[in-house]
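Now for the letters of each chain:
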Amino acid sequence: MTAALTWAGIASIVLTATAGDVLQSRAMKEIGDLGAMRREKGLLQVVRRVVSSSRFMLGLLFMALAFFSLLITLSWDDVSVIGPASASLTFIANAFAARIFLKERVDHRRWLAALFVAGGVVMLAR
Amino acid sequence: MTVRKYLILLAVTVFGASGDVCLARGMRDFGAVSSSNWRQLLTAFLNPWVIVGICLLILFFCSYLTALSWADLTYVLPATAVSYVLMALLAKIFLHENVTLEHWLGVGLITIGVGFVATGPSLTVPARHPRQESESAATRVVSQKSTRSEV
């Protein structure tokens with residue numbers, strides 16, 4: 001397989017994983033503190049509230065797509081390339097997406113955290 | 001941030017790392033999976049290590065969702081990246097994998113990255129749920145104080 005196809009696969013993993021994380025983060029903020037809800041209404045009610053959220057289910061679908069994208073891309077190239085590249089780029093993409101779609105205040109500390117963790121993941125996964 | 005919330009972040013880290021290590025240990029019993037023997041994957045679900053790994057990853061997902069219900073995504077992801085460090089340690093101890101100098105450098109980078117977010121506020125967006133209003137207001141005050149002290 002060509003390098004271009006491998007990078008298209010990595011881009012697909014990063015985009016779907018980021019979409020999944022952002023959708024789930026948004027869904028959880030809408031539902032509220034799960035710990036407090038469990039103490040007040042019980043675990044069953046928490047599970048019912050979470051699985052009835054369409055945003056959560058869409059996030060889950062994107063996470064499944066990210067997993068299958070990873071499996072398919074792994075059949076095209078080495079795990080030593082795909083693993084670190086997709087994990088570290090997902091950290092950076094999440095910082096951008098959280099700023100744009102979740103309106104999180106991503107200050108210099110959080111950018112540095114994302115960059116250091118992404119760099120660390122690359123070195124650990126080699 | 002309360003002690004309970006730090007415990008949830010710890011749970012995300014521990015369950016995530018131990019779940020992955022258990023899955024890796026279980027999959028060692030099967031060898032490499034290819035398109036010709038993919039059906040063998042189904043029998044993996046009967047392996048005790050794989051079963052424990054899946055249970056731990058379900059607990060990881062529950063604690064991850066709980067953390068996302070009161071903290072920013074850009075806080076939870078780096079703060080729980082310690083799981084990569086824990087995974088390297090568990091892999092060395094239980095799976096006898098070779099952890100090189102490069103790996104330890106990676107561990108150092110992740111630890112520094114976690115240190116950057118650990119000193120900041122966990123929530124920077126306005127609460128969408130009434131229950132979070134009081135905490136969000138408190139977070140904004142803490143955030144303003146820290147910004148002032150930086151100036």
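Everything that follows concerns the structure shown earlier in this document.
So, how was this worked out
Residues numbered from 1 in each chain as written. Chains lettered and ligands numbered in written order. Predicted model: local features only at pLDDT ≥ 70, side-chain atom pairs only at ≥ 80, totals over all residues. Helix = DSSP H or I, 4+ residues; strand = E, 2+ residues; numbered from the N terminus. Buried ≥ 20, exposed ≤ 12 C-beta atoms within 10 Å, placed from the backbone. Contact = placed C-beta atoms within 7 Å. Nonpolar A, V, L, I, M, F, W, Y, C, P; charged D, E, K, R; others polar. Core = buried A, V, L, I, M, F, W, Y, C linked by C-beta atoms within 7 Å. Expected span 1.5 Å × (residues − 1). Axes fitted to C-alpha atoms, helices over the stretch in contact; angles between N-to-C directions. Parallel < 35°, antiparallel > 145°, perpendicular 65-115°, else oblique. Left-handed = near helix turned anticlockwise from the far one by under 90°. Arc of directions from axis to C-beta.

**Examining the overall build of chain B**
Phase 1: Within chain B, the secondary structure is distributed over 7 helices and 0 strands.
Phase 2: Counting from the amino terminus, chain B carries its helices and strands in the arrangement α-α-α-α-α-α-α.
Phase 3: A burial count over chain B gives 39% of its 151 residues as buried.
Phase 4: Long-range contacts, defined here as pairs at least 24 residues apart, represent 74% of the contacts in chain B between residues at least 6 apart.

**So, the interface of chain A and chain B**
Phase 1: Contacts between the two partners involve 36 residues from chain A and, on the opposite side, 33 residues from chain B.
Phase 2: Among the elements of the structure, α1 (3-31), α2 (34-41), α5 (79-101) and α6 (108-125) of chain A are those that each provide at least two residues to the side of chain A that touches chain B.
Phase 3: Top contributing element to the side of chain A that touches chain B by residue count: α6 of chain A, with 12 residues.
Phase 4: Among the residues making up the side of chain A that touches chain B, the classes are represented as 19 nonpolar, 7 polar and 10 charged.

**Digging into unusual backbone geometry**
Phase 1: The phi dihedral of K103 of chain A falls on the positive side, at around 60°, and the residue is not glycine.
Phase 2: Among the secondary structure elements, K103 of chain A is positioned in the loop between α5 and α6.

**Let's talk about the nonpolar core**
Phase 1: Of all hydrophobic cores here, the largest spans 69 residues; its most connected members are V117 of chain A together with A67, L68, V76, Y84 and I110 of chain B.
Phase 2: Per element, the largest residue contribution to this core is 10 residues, and it comes from α1 of chain A.
Phase 3: For A67 of chain B, the contacting residues outside a window of four places in its chain are I8, L9, V12 and V76 of chain B.

**Focus on α5 of chain A**
Phase 1: With 23 residues, α5 of chain A extends 31 Å from end C-alpha to end C-alpha; this agrees with the ideal 33 Å at 1.5 Å per step.
Phase 2: Of the residues trailing α5 of chain A, K103 of chain A is marked for its positive phi of about 60°.

**Notes on the packing of helix α1 (residues 3-28) of chain B against helix α3 (residues 48-68) of chain B**
Residues and elements named next belong to chain B.
Phase 1: Put simply, α1 and α3 touch, their axes get as near as 7 Å, and they point 155° apart. In terms of axis orientation, α1 runs roughly antiparallel to α3. Crossing of α1 over α3 shows left-handed handedness. Counted together, I8, L9, A11, V12, F15, G16, S18, G19, C22, L23, R25 and G26 of α1 and W49, V50, V52, G53, L56, L57, L59, F60, S63, Y64, T66 and A67 of α3 form the full contact between these two elements.
Phase 2: Partitioning the contact of α1 with α3 into residue classes produces 16 nonpolar, 7 polar and 1 charged.

**Topic: helix α4 (residues 54-74) of chain A**
All names here are of chain A.
Phase 1: Look at α4: 30 Å from first C-alpha to last across 21 residues, which is about the 30 Å you get at 1.5 Å a residue.
Phase 2: Those residues of α4 that sit buried are F56, G59, A66, S69, L70 and T73. Each buried residue of α4 lies within a common arc of 135° when the element is viewed along its axis, so the set occupies one face. Of the exposed residues in α4, the ones pointing more than 90 degrees away from its buried face are S54, A64, F68, L71 and I72.
Phase 3: Considering only its buried residues, α4 is in contact with α1, α3 (43-51) and α5.

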